[in-house]
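Structure at a glance
Single-letter residue listing:
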Amino acid sequence: MTPLTSRGRARAERRHPSPRLRVSAAAGPADAPRRGRATRAGLLTAAFAALLATAAAPTATAAPDTSPSPPAVAQAEVPAGVTAGVAVFDRQTGTFTEQVNSAGQFRSASVVKLLLALDVLWGRTPESLPAADRTRIDTMLRSSNDAAASTIWANNGQGAIIDRMVARLGLTDTARPPATHPGYWGYTAMSARDTVRIYRYLLDSAPAPVRDYVLGNLRQSTRCASDGYDQHFGIAGSFNRPWAVKQGWSGFTSGGCTSAPATAAAPTAKAAGHAAPTAKAAAPAARAGAAAAAVDLSRPALHTTGLVGPGDRAIVAVLTLHPTGTTYGKAYTDVGRLTRSLNVPGATRPAGTWIGTWGSGVRVRAQASTDSAAITTLPAGVEVLVGCQKRGQQVSVPPYVNDWWAHLPQLGGYMTNIYLSSPDNQVPGVPVC
């Protein structure tokens, strides 16, 4: 690749930076500003999260299928403006360590794909399924493929799938989509505590081949979903493996996770609703029937659910709604902060410093150079975990110049420090690689 000019490199690293969020001043000896360059004072405040503590716990055994224990004292830190339903179940003790609005109903988005897969597998083994069905379930669970979910939904009775699974698993807060939107599988009503019940069925009651097949797919969750959204937020970003996740999102217009710059076009069907392809564009907040009466169908939704720790000790369900107009990066960051605040037995947390970013289309590269391969782009404004930093190729975003790059261990690459929300070229407190 032909080396880029400083201005060209800047364009390659971002699109449309916000004039309110200038990060780094011109680089010079010892990273001091050069005479005549703009100062950074007053342009941006630092936005650092604390280093995450690391904790380990012993391997767990499955708890008996008893009724949920009374709510524990909540530790969850729900960000301002976010509506959340939270449940964390410790399989070793058979108790909840967190419950916040755990019975509250949320539109499921793609979390309902757990029920779609279990319905197809009910009374059957994975090996007995037609190859096409196995392929649909694989892509639906690993990369949240919507076309696969829509085919399964249409082929198996739409809302009748939900009715069957409610009866089979004893779910209390789960209901089919409203009668006004029968094709919208993502409008299924679900709660955090019902989500825990689904995972408890998988772990403790499902036939071993079904359990291993479904959870095996969730353990292979792809960071980039089929619709181009970065789906390793929440559980996947907050805790080290082992984990298994099924995430959900609805009502956003761009989720990053591609090497090509995101477009500024109107939201696609997938981005807008994450439901059936014919039902995704600009969802009205229609309310019909018992399920719709309690479920918000309009605000952006972002959910993280799954298993954490050795022996799948903890079951975690975090369902969230965000103010209208919230960007994917902001919601991604808020769900991450909420998830990291939880008491999750058996979880270990990745080392590093959480730091905000700015700009859109910011690329993560294989090396500390704009000449190296682009691994992915970041959701605009997302918070990232920085493990260390090093000097690399100088990048210019006039009037700023910086040759420091941050290593993002969860993404396996580097981003220029210009787009970190820090007033200094070299981020204070972050070690040198």
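Scope of this entry: the structure provided in the associated data block. On a predicted model such as this, the values are computed, not experimentally measured, just so you know. (Residues numbered from 1 in each chain as written. Predicted model: local features only at pLDDT ≥ 70, side-chain atom pairs only at ≥ 80, totals over all residues. Heavy atoms only, no water.)

**Some points on the state of the cysteines**
Taken as a whole and assessed by the stated rule, the structure comprises two disulfides. What pairs with Cys224 in a disulfide is Cys257, and their sulfur atoms sit 2.0 Å apart. Across the disulfide from Cys224 to Cys257, rotation about the S-S bond amounts to roughly -90 degrees, and the bridge is consequently left-handed. You can see Cys224 sitting in the loop between α7 (208–219) and α8 (235–238) and its partner Cys257 sitting in the loop between β5 (243–250) and α9 (269–273), a full 33 residues away along the chain. Using a relative accessible area of 5% as the deciding quantity, one classes Cys257 as buried. Disulfide partner of Cys388: Cys433, at an S-S distance of 1.9 Å. Judged by the sign of its S-S torsion, about 95 degrees, the cystine formed by Cys388 and Cys433 is right-handed. Of this pair, Cys388 sits in strand β12 (residues 388–397) while Cys433 is found in the segment after β14 (413–416), placing the two residues 45 residues apart along the sequence. Exposure remark for Cys388: the relative accessible area of 16% places this residue in the buried category. Cys433 sits in the partly exposed class, given a relative accessible area of 44%. The connectivity of the disulfide-linked cysteines in the protein, indexed sequentially, is 1-2, 3-4. (Disulfide = S-S within 2.5 Å. Helix = DSSP H or I, 4+ residues; strand = E, 2+ residues; numbered from the N terminus. Buried < 20%, exposed > 50% of the residue type's maximum accessible area, 1.4 Å probe, protein only.)

**Comments concerning the packing of helix α2 (residues 113–121) against helix α3 (residues 131–142)**
Direction vectors running N to C along α2 and α3 enclose 160 degrees, while the axes themselves pass 10 Å from each other. Between α2 and α3, the interaxial angle falls into the category roughly antiparallel. Pair α2 / α3 crosses with left-handed handedness. Facing Lys113, Leu116, Ala117, Val120 and Leu121 of α2, the residues of α3 in contact are Ile137, Met140 and Leu141. (Axes fitted to C-alpha atoms, helices over the stretch in contact; angles between N-to-C directions. Parallel < 35°, antiparallel > 145°, perpendicular 65-115°, else oblique. Left-handed = near helix turned anticlockwise from the far one by under 90°. Contact = heavy atoms within 4.5 Å.)

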